[in-house]
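So you can see what is in the structure, the chains are spelled out below.
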Amino acid sequence: VSEIKPTTHLDEDLLLTCMRCGFCLPACPTYRHRQVESASPRGRIALMRAVQEEQLDILDIQDQLDACLGCRACESACPAGVTYGALLEQGRAELATKRPNPWAVRFAYKWFLGTPAGIRLSGQGLWFYQRSGLRALARKLGLVAKLGGQGLAGMERAIPDAASPARRAAARRRRVTPAVGERKLKVAFFLGCLSDIAFFETNQNAIAVLAAAGCEVDVTPGQGCCGAVHGHAGEHDMALEQAKRNIVAFERGDYDYIVNTAGGCGAALKEYGRLLKDDPAWAQRAQAFSLRCRDFSELVATLELPPLRPIAGTITYQDSCHLRNGQKVIAQPRKLLQSIPGARYVELPEADRCCGAAGTYAVSQAAMSDTILDHKMNYVKGTQATTVVVANPPCQLEMIEGVERAGLQEQVKVRHIADVLAEALPK
Amino acid sequence: MLKPEVLRELKAIVGANWCLDSKADLMAYSFDATPLYQHLPDAVVVPASVEEVSAIMKVAYANRLPIVPRGAGSNLSAGTVPTSGGIVVALNRFDQVREIDQENMTATFESGVVTARFHQQVEALGLFYPPDPGSMTTSTLGGNVAECAGGLRGLKYGVTKDYIIGIEAVLADGRILKMGGKNTKDVAGYDLVKLFVGSEGTLGLITSATAKLLPLPETKRTALAMFNHLTGAARAVSRIIAAKIIPATLEFLDNPTIRVVEDYAHIGLDTEAGALLLMQQDGPEAICERDIARMVAICREEGAFETKLAGTAAEEAALMAARRSALSALARKKPTTILEDATVPRKHLAEMVEQINHIAAKYSVQICTFGHAGDGNLHPTCLCDERDHEEINRVEGAFEEIFDATLKLGGTITGEHGVGEAKAGFLEWRVGATGIELMKGIKDAFDPHHLLNPGKMFARETRRRVVIR
């Protein structure tokens, strides 16, 4: 096939780490529902290898790459240690060379999520949209669904009320939150883009919990988006831009750790070392940055919290895929939730499987996302939980949507683990 | 490429969703877990009923198209690679356990049921299906039956053929054949059930099967022993059996494997150790205690410099980690991992491993050997790079010599992975010209046009057996 050009993004050595044993098949949500090999991790790796070997064109496999959640459950099941997430990003970067993302998406990624000012502006824009009557109008006319499809509409409905610009400004002016009692650690807080825009209060709650556990918390200026959304969409250069900005911003302080509340962001931050390993000017700095990153529950589980107040009801926990499969943080959030007096903790069956949010997947692949979500909600019903705890903002939106789809909004609340722990802090 | 009318017929049978012929889909079914083998099929169908399979076979028969059955594609002898093209029939939608009959202690399942899931289902009822191939978290029972899969419990409990008592299969011309059933005793005619177990998709397409079950053992105990020399470990194995103990599991790792495992997992193995034995007994508690204590004592007498006994489930998991991480550790070492399963009568275990190490040195290839010491089933695993053709030539030379050595010790070229295409050239070495002739006669009776998994089991040409030394 002569018209196929050599690839630039796919790493042959990485592709060859897959020995095709198929252990990933039972772990893959899309394989479970679609039941064909090209919807499995092993299949997708074989397709990328065929592209790398110039037997297929990247456009021949675009549907298969688009259909992947990127949940990386396959990595946890893989005996050979294949870094599937990295391969998927390479595949999508390759795809973006021949099938560029739409200009509006690139614009939003570049300027709204891709700059600190853009993130701030988006937060304010969200508040304005919700408060000005625009939201009411848009919902009445079904505008969101018309513009961005049912997936986006579902997500829009799930977004909680945004913090006011005044509240945001006050938090920015404060910047540093001192430790309650003796200062044991000095940590930098990574806000994240979606977290900062739509879950401002969750971040504030996380800061309060960290302070109560003896951390001085600095919301380091100059930070931006982690770059995960860019990398997952194949915008490799934009992802690098985000990484470098964050490395520079957090190098300015002598922090023990850099903490965040988003499983997806955390996984990306911890992979800067890998992302920049071939760039001599950045490799070491990136590695040092990644080694200092901790997920919120990963760090809090190692600290001592004041005696918590009881919380009523039954709690269950849905893993964030990238917290579990990317960061291998599995026991810590469960341990923290079980330490809350009063509440009954019930393990959610298949908590380790993706909820269907998968970053922007719920928007771009709405049908498969809903299939996966509805399957998940059957298990949630079975736990009879009154609170479903999550550890990643897209999961939070998705689970809120799931609760509504299942008609459980009267019985079940979806909350981030930082919100639950903050509620249990002594007054 | 299939003729458009054939494709239309297939789509009419299974529905357009389940008949795949895009470039990407064909590529995704062009391989299994065997390194170095890949070939595109002409189409892939994913049927959901035996009637659909029958109709597919009739179309293939009328058009003389090859049929390649596939479960999870975890085969290690290229048995599910469509090396002659044709139609891949993926059976993963046959995923129901139809019946667990507690009075007869049997289970009837469809071919696509995942082995580990079946274990969970029968064990929840206090029943036990022993075959536990290494790939059981993904492998399907249909694949296990077609390959006669073994596993870690072969010594005490046997392998797949010791449990399958009934099979439903679709023949090359589309006829549906039901063989056996739930009877423990059944001598009505030739034993076609046993003939189908291990037939590797060359006689018919297995759609469901019935297995006999055992009561689930009450408890188990696990111990580990480290030896300076392989011979000590091998003597311990022989003495354990001679002492009339049949352990549920008796696994070993040789020194190269121990080094790789420790390097990867850091579980405190002595990298100077010549061999490691992992022992497990199951059954009533008193018997487990007694047997495991006696096995540990035998290991000590045969020079084990360290023994560990698991007291809790966590400790058991820690001991099993050495064996469980073997494949992971090996797979990470080099791009290509070639896993073979040469098997010898157990008393020749040490001699065989020494010969493997000798052959590896002769061809300067890296071979780590671990496996099922109790039943003499070795897994010499070669770590190499498929892009290095010169190295691959040496690897093939080494394995050829390993097979030869195995046969000289009264062993076999494959204990549990199957002949497939990868070892078809060696089958005659094992079964002789008369054996091949008879097997081909059986093949012709079932599949006169050689449409079922062509190129598997029977080589187009037998390897010339090199005279070594």
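Residues numbered from 1 in each chain as written. Chains lettered and ligands numbered in written order. Predicted model: local features only at pLDDT ≥ 70, side-chain atom pairs only at ≥ 80, totals over all residues. Heavy atoms only, no water.

## Here's the deal with the nonpolar core
How we decide: Definition of nonpolar core: a set of buried residues of the types Ala, Val, Leu, Ile, Met, Phe, Trp, Tyr and Cys, connected through side-chain atoms within 4.5 Å. Think of it in three bands: with a 1.4 Å probe and only protein chains considered, a residue is buried below 20% of the maximum accessible area for its type, exposed above 50%, and partly exposed in between. To qualify as a helix, a DSSP run of H or I must reach at least 4 residues; to qualify as a strand, a run of E must reach at least 2; elements of each kind are numbered from the N terminus. The contact rule is simple, with two residues in contact once any of their heavy atoms fall within 4.5 Å.
In this structure, Leu-277 and Met-279 of chain B are the most contacted members of the largest nonpolar core, which totals 49 residues. For this core, the secondary structure elements donating two or more residues are β12 (219-227), α8 (230-242), β13 (249-254), β14 (275-283), α10 (285-301), α12 (349-362), β18 (377-384) and α13 (389-408) of chain B. Take this core: its biggest share by element is eight residues, from α13 of chain B. Once residues within four sequence positions are removed from consideration, Met-279 of chain B is found in contact with Arg-221, Thr-222, Ala-223, Leu-224, Ala-225, Ile-240, Thr-249, Leu-250, Ile-292, Met-295 and Cys-299 of chain B. If you look at the next biggest cluster of nonpolar residues, it comprises 40 residues, including Tyr-317, Leu-336, Val-420 and Ala-424 of chain A.

## Digging into the sheet that holds β13 of chain B
Residue and element names in this part refer to chain B. What counts here: One bridge is not enough; two strands pair if DSSP finds at least two bridges between them. Helix axes are fitted only over the stretch in contact, all axes being lines through C-alpha atoms; the angle between N-to-C directions runs from 0 to 180 degrees.
In spatial order, the strands read β15-β12-β14-β13-β17-β18-β16; together these seven strands make up an open sheet with antiparallel pairing. Edge positions in the sheet fall to β15 (304-309) and β16 (336-339), since each has one partner strand and no second. Ignoring strand direction, the axes of neighbouring strands in this sheet form an average angle of 20 degrees. Bridge count between β13 and β14: six bridges; the pairing is antiparallel. Of the residues in β14, the one forming a bridge with Phe-252 is Leu-277. Against the sheet, α10 contacts β12, β14 and β15, and its axis sits at roughly 160 degrees relative to β14.

## Remarks on the packing of helix α8 (residues 116-131) of chain A against helix α9 (residues 134-141) of chain A
Residues and elements named next belong to chain A. Heads up, the condition is: Small angles under 35 degrees read as roughly parallel and large ones over 145 as roughly antiparallel, with 65 to 115 read as roughly perpendicular and the rest as oblique. Note that Gly is not counted as nonpolar here; it falls among the polar residues with everything else outside the nonpolar set of Ala, Val, Leu, Ile, Met, Phe, Trp, Tyr, Cys and Pro and the charged set of Asp, Glu, Lys and Arg.
The N-to-C vectors of α8 and α9 enclose an angle of 70 degrees; their axes lie 4 Å apart at closest approach. On the basis of the axis angle, α8 is roughly perpendicular to α9. Within the contact between the two elements, α8 uses Phe-128, Tyr-129 and Gln-130 and α9 uses Leu-134, Arg-135 and Ala-138. Its residues assigned to classes, the contact of α8 with α9 shows four nonpolar, one polar and one charged.

## So, the state of the cysteines
Residues and elements named next belong to chain A. Convention followed: Here, the term disulfide refers to a pair of cysteine sulfur atoms separated by no more than 2.5 Å.
Applying the stated rule across the entire model yields zero disulfides over all chains. Counting only cysteine sulfurs, Cys-226 is the nearest neighbor of Cys-293, a cysteine outside any disulfide, at a range of 10 Å. Taking the relative accessible area as the measure of exposure, Cys-293 reaches 1% and is therefore buried. This cysteine, Cys-321, is not joined by any disulfide, and Cys-354 carries the nearest cysteine sulfur, 4.0 Å off. Under the relative-accessibility criterion, Cys-321 is labelled buried at 10%.

## Points about the interface of chain B and chain A
We count it as follows: Each of two parts loses accessible area, computed with a 1.4 Å probe, when they are put together; buried area is these two losses added. Salt bridges are identified by distance alone: a Lys or Arg side-chain nitrogen within 4 Å of an Asp or Glu carboxyl oxygen. Each polar contact in these results corresponds to two N or O atoms within 3.5 Å; when the atoms are within protein, one needs to be able to donate a hydrogen and the other to accept it, and residues that are neighboring in sequence are counted only if both atoms are side-chain atoms.
The interface of chain B with chain A comprises 33 residues on the first partner and 30 residues on the second. Ranking the residues of chain B by area buried against chain A places Met-27, Phe-31 and Arg-387 of chain B at the top, with a combined share of 20%. On the surface where chain B and chain A come into contact, there are five salt bridges. The salt bridge partner of Glu-386 of chain B is Arg-49 of chain A, with a shortest N-O separation of 2.7 Å. Put simply, chain B and chain A have 14 residue pairs in polar contact (both at pLDDT 80 or more) between them. Counting only elements with at least two residues in the side of chain B that touches chain A, the list comes to α2 (23-28) and α11 (313-333) of chain B. Broken down by element, the residue count for the side of chain B that touches chain A peaks at five residues, all from α2 of chain B. Residues belonging to the side of chain B that touches chain A are distributed by class as follows: 13 nonpolar, 11 polar and nine charged.

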